[in-house]
Amino acid sequence: MKKPLLFLHFVLLLSIYSTAQNVIAGRMNEVFLKSDLVNAAANLQDPWEITYGYDDSLWVTEATGYVVRKISPITGGMRTILDLNTFTDAASTPTTKWRKAYTVGGAVPKPQGGLMGFAFAPDFATATTKYVYLAYVHDFVGTNVAAPAPYAAETVNGDLFITWVTRWQYVNGLLKNPMAICDTIRGSSDHNSGRLIIFKDSSNAYYLMEAVGDMGAGQFANTNRVEKAQWTNSYEGKILRWNLDGTIPAGNPFGNAIFATGIRNNQGFAADTTRHLLYGASHGPFSDDEINILGWRRNYGHPLIEGMSSDNNYQNSKAATPASILPLITNEPAQALSLPYYRDPIFTAYASTQANINNIYLTNPGNGGWPSEGWSGMDLYMDSKIPGWKNALIVAGLKWGRVLKIKLDPLTGKTVIPTGATDTASYFGSHNRFRDVAFDPNGTTLYVCMERQTTSSGPSNANPLVPDCLGCIHKYTFLGYNAVGAASAIPTTIPIGRGVVNTCTNANTITIDATNNNLWVPITDDSSNVIAEIKANGNNLGVVTTSFFYKNSGFIREDGGKKLYMDRNITITPTVQPGSNVNVRLYITGAELTRMIGATNSIGQPGGYATINDVAVFKNTNPCGSTMGSSATKFTTTRAAFGTGYVLTVTIPSFSTFYFANQSLTTLPVNLISFTGSLNSATKATDLNWKTADEQNLASYIVERSTDGRTYDAIGTVTPNGSNDYNFSDRDAYSQSSLLLYYRLKMVDNDQSAKYSNVITISLTDLVGIVIATPNPTAGQTKITMTAAVDGRANWQIVDNAGRVVMKSNVQLKSGANSMPLDISKLAAGLYYLNVSGAGIDTKVKLQKL
């Protein structure tokens, strides 16, 4: 009997996760669930490029296998979508010219790489014709032979291959209809690179970029090969650029495909699509692996400068063996000044001393004795679910079989900042040559592909070195941190999330299930800074959502009894409330505590804060908001320093909203059940509603409005009538100088003491017909915001107190909010009226000229 597909899917999942295990990935203590998504038995032949595709598949090239596969990131199931060993063009005259055109053996050596780079066209997801790009070593010319055109005739010392860069169409699940973009790039048995990426520059134009290595000139079988990284008429040792249709951009600096020069072996690409930065990872000769920001016409120094030019550590050495014809490096700082457009890397690794480099150069202990690591594929992590990872380059390492995290300055992306006490953090150490990395869009899962071959002309810790998992793809999913006693192993160097002024901000969602319900699972903000951690103690909470309020402006908050409480509150909502107690760690910054120390309330009484030991955690059922609107329960709190801030730990039976306050906190004495508001489009008013449970000794409710969340004005008074259910309409809302209005209730007792409700905000952006001038009054420059009902042209005029039109014009509006600048600096000081009509607007607004 045939088994149902659902059962087969379950069996596939079981086969993957039966081999899964939790691993502490590195010194930053993250726990990942590791599984062999594709194991050695699958017989992948040196997976080289791994890319998470638009159709939720992993697209993988096999370097020595010469096939492209699509692999399920869930089950590991795969299918071949291109085989360059057998491909036949399906055009009217079928041809085999696109196939790999050499067989290793006899006089034919093995190239480094093979089928290498892969890239999606930027519109792949939506285009009718879907393109991808491939780079591969196509054919072998010979050893120590005359090179073919188009370059100048020469005899190439060493092994000569030819690399093609091609474009393919994805049609009915297969790659077809190839087009050659460049079929003349010289290849080698070393340093072919072949990495591809689509890069959008600051003009928002897309380009196909390829890294081409220096062919290993000066080392191994290519000792006598001419080093051409500085030649502008050779593609060796370069970053190349094409238009997506394969033509050469008119803006390329040398009239050919060359974009940048002086490259040794750029094996990794990553792009910051927001800042339009292209990063490259390149191998150093003996040390000084580099991270470069690749730019137009930039020269990265090889073979005259290695690593940072200022350290001059390659003085009196070559960037190769003494027998090579590469130039002797004499003075790197001087060369940096003499090379036009030279650019230092933003980071180098293991920059050894001059004495050590000279010793390696002269004695040649083999690459097992070189401090270089040989970085390969690279990705830029721009998600925020793994604490401290956002804005980090994640790099696959060949020589030592690991992945490195290189943290970038989040403001510019142009410098490297420490991860903890050192400049990098390493993960997933093994004996494998890690070739490439890719991230799942879920933000917590990383895929790593590793080579099958046991030897290489390139960097390895030792040759031969038998991999732990030949040709595998590992899947690593971040779970959380182990417990250390009652605490978490999360590093204290992880920053604490600061939130947004006067705003409830959504944090990242997390999932707590059987894989992590006994770990500390962090909740992070959109900068991957920590806000809270949950240890569910075996409870499966499902998807957990979090919002947090951090108000770092205005007065310190106080409750109805004038007790001060801290600016931060955190609302945590699981899908399933726990059935037994869970532990929660809640984080506050040092600045928040400093603000409380020595503070007094609105009548001058001290707040009672001297140290972190004065702070406890409270919880109630309020939604996230700017004030504590109902009574809160205090929990026994454990406190500890955390970096420059603090972490407070509590054990709780359920989740809701947490506050931080002095242990003597009292809660609002007025039983205000709710205070809400909404926009009434029909009346162009805001409708406010509140419910109470006890009005004893209450004299009045005063409704207050603010346009900036700081200064409030009374706009109406409501007398208690015992109904416990009230409403108020603000019919002047549309005439205010802001599209965001703040409201609160001032509850006045018979003795004239007063308490305040929570603050609610109402946006007017959906209210058509509104015209707002900001600032108003103005000395001259103001901005006019108009919310139109439909697309159309509106006329506007400014009328003085005598009824004279002093300015007028018209403006084309689109449905919704529109804005235009207005300069009235030439008008005399006084009161004017701005009249706007058209596009569903017919409004008069007072305009004060100072």
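Residues numbered from 1 in each chain as written. Predicted model: local features only at pLDDT ≥ 70, side-chain atom pairs only at ≥ 80, totals over all residues. Heavy atoms only, no water.

### Considerations on the overall build of the protein
Phase 1 of the analysis: Scanning the protein from terminus to terminus reveals four helices and 54 strands.
Phase 2 of the analysis: Expressed along its principal axes, the backbone C-alpha trace of the protein runs to roughly 100 × 70 × 70 Å.
Phase 3 of the analysis: Burial status across the protein gives 56% buried among its 850 residues.
Phase 4 of the analysis: Within the protein, counting contacts between residues at least 6 apart in sequence, those at least 24 apart form 63% of the total.
Phase 5 of the analysis: Of the roughly 33600 Å² that the protein leaves accessible, carbon and sulfur atoms contribute 52%. (Helix = DSSP H or I, 4+ residues; strand = E, 2+ residues; numbered from the N terminus. Buried < 20%, exposed > 50% of the residue type's maximum accessible area, 1.4 Å probe, protein only. Contact = heavy atoms within 4.5 Å. Areas by Shrake-Rupley, 256 points an atom, 1.4 Å probe, with all protein chains shown as cover.)

### Regarding the state of the cysteines
Phase 1 of the analysis: Using the criterion set out here, one finds two disulfides in the structure.
Phase 2 of the analysis: The side chain of Cys469 participates in a disulfide bridge whose partner is Cys472; the two sulfur atoms lie 1.7 Å from each other. What sets the handedness of the Cys469 and Cys472 disulfide is the S-S torsion sign, and at about -75 degrees it is left-handed.
Phase 3 of the analysis: Here Cys504 connects covalently by a disulfide to Cys624, the sulfurs 2.2 Å from one another. Disulfide Cys504-Cys624: torsion about the S-S bond near -100 degrees, hence left-handed. Pair noted here: Cys504 is in strand S28 (residues 504-506) and Cys624 is in the loop between strand S35 (615-620) and strand S36 (633-635), with a separation of 120 residues, a long-range link. (Disulfide = S-S within 2.5 Å.)

### Digging into unusual backbone geometry
Phase 1 of the analysis: The omega torsion across His302 and Pro303 is 5 degrees, close enough to zero to call that bond cis.
Phase 2 of the analysis: As for its position among the elements, Pro303 is in the loop between strand S17 (289-293) and helix H2 (332-338).
Phase 3 of the analysis: Look at Asn29: it is not a glycine, yet its phi comes out positive at around 75 degrees.
Phase 4 of the analysis: By the secondary structure assignment, Asn29 is in the loop between strand S1 (21-24) and strand S2 (31-38).
Phase 5 of the analysis: In this structure, Asp288 is a non-glycine residue whose phi angle is positive, near 65 degrees.

### Some details on the packing of aromatic side chains
Phase 1 of the analysis: The full count for this structure, using the stated rule, is 38 aromatic pairs.
Phase 2 of the analysis: Seen from their ring centres, Trp296 and Tyr341 are 6.5 Å apart, and the 85 degrees between their planes marks the pair as edge-to-face. With Trp296 in the loop between S17 and H2 and Tyr341 in the loop between H2 and strand S18 (347-349), this residue pair connects regions lying 45 residues apart in the sequence.
Phase 3 of the analysis: Accessibility expressed as a relative area gives 39% for Tyr341, which makes it partly exposed.
Phase 4 of the analysis: Ring geometry for Tyr565 against Tyr659: centres 6.1 Å apart, planes inclined by 80 degrees, an arrangement best described as edge-to-face. One end of the pair, Tyr565, is in strand S33 (residues 565-574); the other, Tyr659, is in strand S39 (residues 657-662), and 94 residues separate them in sequence.
Phase 5 of the analysis: Taking relative accessible area as the criterion, Tyr565 reaches 1% and is therefore assigned buried.
Phase 6 of the analysis: For Arg744, the ring lying beneath its charged end belongs to Tyr712, and the centroid distance is 4.0 Å. (Phe/Tyr/Trp six-rings, centres within 6.5 Å; stacked < 30°, edge-to-face > 60°. Lys NZ or Arg CZ within 6 Å of the ring centre and 35° of its normal.)

### Comments concerning the sheet that holds strand S9 (residues 155-171)
Phase 1 of the analysis: Strand order in the open sheet formed by four strands is S7-S8-S9-S10, and the pairing between neighbours is antiparallel. The open sheet has two edge strands, strand S7 (115-120) and strand S10 (174-187), and neither has a second partner. Taking each pair of neighbouring strands and ignoring which way they run, the sheet shows an average axis angle of 20 degrees.
Phase 2 of the analysis: Strand direction decides the pairing type here: S9 and S10, joined by nine bridges, are antiparallel. Looking at S10, one finds that Val171 is bridged to Leu174. (Pairing = 2+ DSSP bridges. Axes fitted to C-alpha atoms, helices over the stretch in contact; angles between N-to-C directions.)

### Observations regarding the environment of Asn508
Phase 1 of the analysis: Relative to the helices and strands, Asn508 is located in the loop between S28 and strand S29 (510-512).
Phase 2 of the analysis: Under the relative-accessibility criterion, Asn508 is labelled buried at 14%.
Phase 3 of the analysis: Taking the C-alpha atoms as reference points, Asn508 and Lys385, separated by 123 residues in sequence, lie 6.4 Å from one another.
Phase 4 of the analysis: Among residues more than four places away in sequence, those in contact with Asn508 are Ser384, Lys385, Ile523, Thr524, Asp525 and Val544.
Phase 5 of the analysis: At 2.9 Å, the side chain of Asn508 forms a polar contact with the side chain of Ser384. (Polar contact = N/O pair within 3.5 Å; in protein donor to acceptor, adjacent residues only side chain to side chain.)

### Focus on the pattern of salt bridges
Phase 1 of the analysis: A full pass over the atoms with the stated rule returns 17 salt bridges.
Phase 2 of the analysis: Across the pair Arg69 and Glu62 runs a salt bridge, and its minimum N-O distance is 2.3 Å. Comparing Arg69 with Glu62 shows no difference in burial state: the two are buried.
Phase 3 of the analysis: The salt bridge involving Glu154 is made with Lys228; its shortest N-O contact spans 2.1 Å. On the criterion of sequence distance, the pair formed by Glu154 in the loop between strand S8 (131-146) and S9 and Lys228 in the loop between strand S12 (206-212) and strand S13 (238-242) is long-range, its members being 74 residues apart.
Phase 4 of the analysis: Exposure remark for Glu154: the relative accessible area of 23% places this residue in the partly exposed category.
Phase 5 of the analysis: One connected set of salt bridges, linked through shared partners, spans Glu49, Arg195 and Asp436. (Salt bridge = Lys/Arg side-chain N within 4 Å of Asp/Glu carboxyl O.)

### A closer look at the sheet that holds strand S37 (residues 638-642)
Phase 1 of the analysis: Strands sit in the order S30-S31-S34-S38-S37 across an open sheet of five strands; the sheet is antiparallel. The open sheet has two edge strands with one neighbour each: strand S30 (520-524) and S37. The sheet shows a mean angle of 20 degrees between the axes of neighbouring strands, direction not considered.
Phase 2 of the analysis: The sheet contact formed by strand S34 (residues 582-588) and strand S38 (residues 645-652) spans seven bridges and is antiparallel. Bridge pairing in S38 places Tyr587 opposite Val647.

### Some points on the pairing of strand S44 (residues 725-730)
Phase 1 of the analysis: The alternating pattern of S44 places Tyr726, Phe728 and Asp730 on a buried face and Asp725, Asn727 and Ser729 on a face that is not buried.
Phase 2 of the analysis: Pairing geometry for strand S41 (residues 685-692) and S44, over six bridges, is antiparallel. Bridge assignment links Asn689 to a residue of S44, and that residue is Asn727.

### A word on the nonpolar core
Phase 1 of the analysis: Counting 42 residues, the largest nonpolar core has Ile534, Ile572, Leu586, Val615, Ile652, Phe655 and Phe660 as the members making the most contacts within it.
Phase 2 of the analysis: In terms of nonpolar packing, the next biggest core, distinct from the first, is built from 34 residues, Ile386, Phe439, Tyr481 and Tyr587 among them. (Core = buried A, V, L, I, M, F, W, Y, C linked by side-chain atoms within 4.5 Å.)

### Here's the deal with the environment of Cys182
Phase 1 of the analysis: You can see Cys182 is positioned in strand S10.
Phase 2 of the analysis: Classification of Cys182 as buried rests on a relative accessible area of 9%.
Phase 3 of the analysis: On a C-alpha basis, the gap between Cys182 and Ala257 in space is 9.3 Å, while along the polypeptide they are 75 residues apart.
Phase 4 of the analysis: Among residues more than four places away in sequence, those in contact with Cys182 are Thr163, Trp164, Val165, Tyr235 and Trp242.

### A look at the side chain of Arg435
Phase 1 of the analysis: Summarising the element assignment, Arg435 is placed in strand S23 (residues 434-439).
Phase 2 of the analysis: Judged by its relative accessible area of 4%, Arg435 falls in the buried class.
Phase 3 of the analysis: Among the polar contacts made by the side chain of Arg435, one reaches the side chain of Gln267 at a distance of 2.6 Å.

### Points about helix H3 (residues 354-363)
Phase 1 of the analysis: Considered for burial, the residues of H3 that qualify are Ile357, Asn358, Ile360 and Tyr361. The arc enclosing the buried residues of H3, seen along the axis, measures out at 160 degrees, which places them on a common side. Summarising the geometry of H3, the exposed residues directed more than 90 degrees from the buried face are Ala355 and Leu362.
Phase 2 of the analysis: A positive phi of about 45 degrees marks Asn364, the residue just after H3. (Arc of directions from axis to C-beta.)

### Some thoughts on the confidence of the model for the protein
Phase 1 of the analysis: With 94% of its residues at a pLDDT of 70 or more, the protein shows a mean pLDDT of 90.
Phase 2 of the analysis: Counted against residues more than four places away or in other chains, residues 1-18, with its pLDDT under 50, gives 15 contacts.
Phase 3 of the analysis: The low-confidence segment residues 457-464, where pLDDT is below 50, has 30 contacts with residues more than four positions distant or belonging to other chains. (pLDDT = per-residue confidence, 0-100.)

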